[in-house]
Amino acid sequence: MKVVPVKRHKARHFAMQALYQWQMSGANINEIEAEFYADNDMTHVDKPFFHDILHYVPSHSSELEALFVPYLQNISVDELDPITRSLLWLATYELQQRIEVPYKVVINEAVGLAKKFGATDSHKFMNAVLDACAGQLRQLEVNASQ
């Protein structure tokens with residue numbers, strides 16, 4: 001079964017919001033997930049993808065951070081706003097764990113969400129960090145596309 005890109009896009013959108021909520025509230029991720037299903041129309045969402053993000057990222061956030069910290073341009077993780085941190089976790093998860101998703105799609109989706117939800121020009125920062133991460137995590141794919 002082929003997943004429609006719109007369903008993945010909506011899953012990323014809701015996952016970024018759920019990760020933001022998790023950071024801000026410290027609530028249990030299962031409760032946050034249930035709340036998203038109760039409060040949102042999840043008809044056109046890739047639910048397994050949404051679920052996987054929510055249950056992987058919080059338990060592996062330190063490992064994911066270790067992958068993107070070298071590219072933060074002298075900014076500490078603690079200085080990142082929660083939206084940027086959520087998007088970096090999400091995109092790094094995809095770069096590392098979801099190799100079926102082309103790296104350019106991962107970066108474009110994160111940049112688009114940063115434009116929509118992030119601070120002014122945060123999408124430029126996001127693009128630079130994720131481009132560097134892709135070079136590390138998807139070296140063969142990046143080299144093949146150049």
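Residues numbered from 1 in each chain as written. Predicted model: local features only at pLDDT ≥ 70, side-chain atom pairs only at ≥ 80, totals over all residues. Heavy atoms only, no water.

> Please provide a residue-by-residue account of the nonpolar core, values included.
Formed by 45 residues in total, the largest nonpolar core has its most connected members in Phe50 and Leu88. Put simply, the parts of the chain that give this core at least two residues each are α1 (5-25), α2 (29-39), α3 (47-56), α4 (61-68), α5 (82-97), α6 (103-117) and α7 (122-137). The biggest single contributor to this core is α5, with 8 residues. Dropping the residues within four chain positions of it, phenylalanine 50 is found in contact with Ala11, Phe14, Ala15, Ala18, Glu33, Phe36, Tyr37, Met42 and Val45. (Core = buried A, V, L, I, M, F, W, Y, C linked by side-chain atoms within 4.5 Å. Buried < 20%, exposed > 50% of the residue type's maximum accessible area, 1.4 Å probe, protein only. Helix = DSSP H or I, 4+ residues; strand = E, 2+ residues; numbered from the N terminus. Contact = heavy atoms within 4.5 Å.)

> Break down α7 for me, with residues and values.
Between its first and last C-alpha, α7 extends 22 Å over 16 residues, near the 22 Å set by a 1.5 Å rise per residue. Residues of α7 that are buried: Ser122, His123, Phe125, Met126, Val129, Leu130, Cys133 and Ala134. For α7, the angular spread of buried residues about the axis comes to 160°, placing them on one side. (Expected span 1.5 Å × (residues − 1). Arc of directions from axis to C-beta.)

> Describe in detail the pattern of salt bridges, supporting the description with residues and values.
This structure, assessed with the given rule, holds 8 salt bridges. For glutamate 94, the salt bridge is made with arginine 12, and the minimal N-O distance between the two is 2.7 Å. In this pair, glutamate 94 is assigned in helix α5 and arginine 12 in helix α1, connecting sequence segments 82 residues apart. Judged by its relative accessible area of 4%, arginine 12 is buried. A network of salt bridges, in which partner residues are shared, links Arg8, Asp46, Asp52, Arg98 and Glu100. (Salt bridge = Lys/Arg side-chain N within 4 Å of Asp/Glu carboxyl O.)

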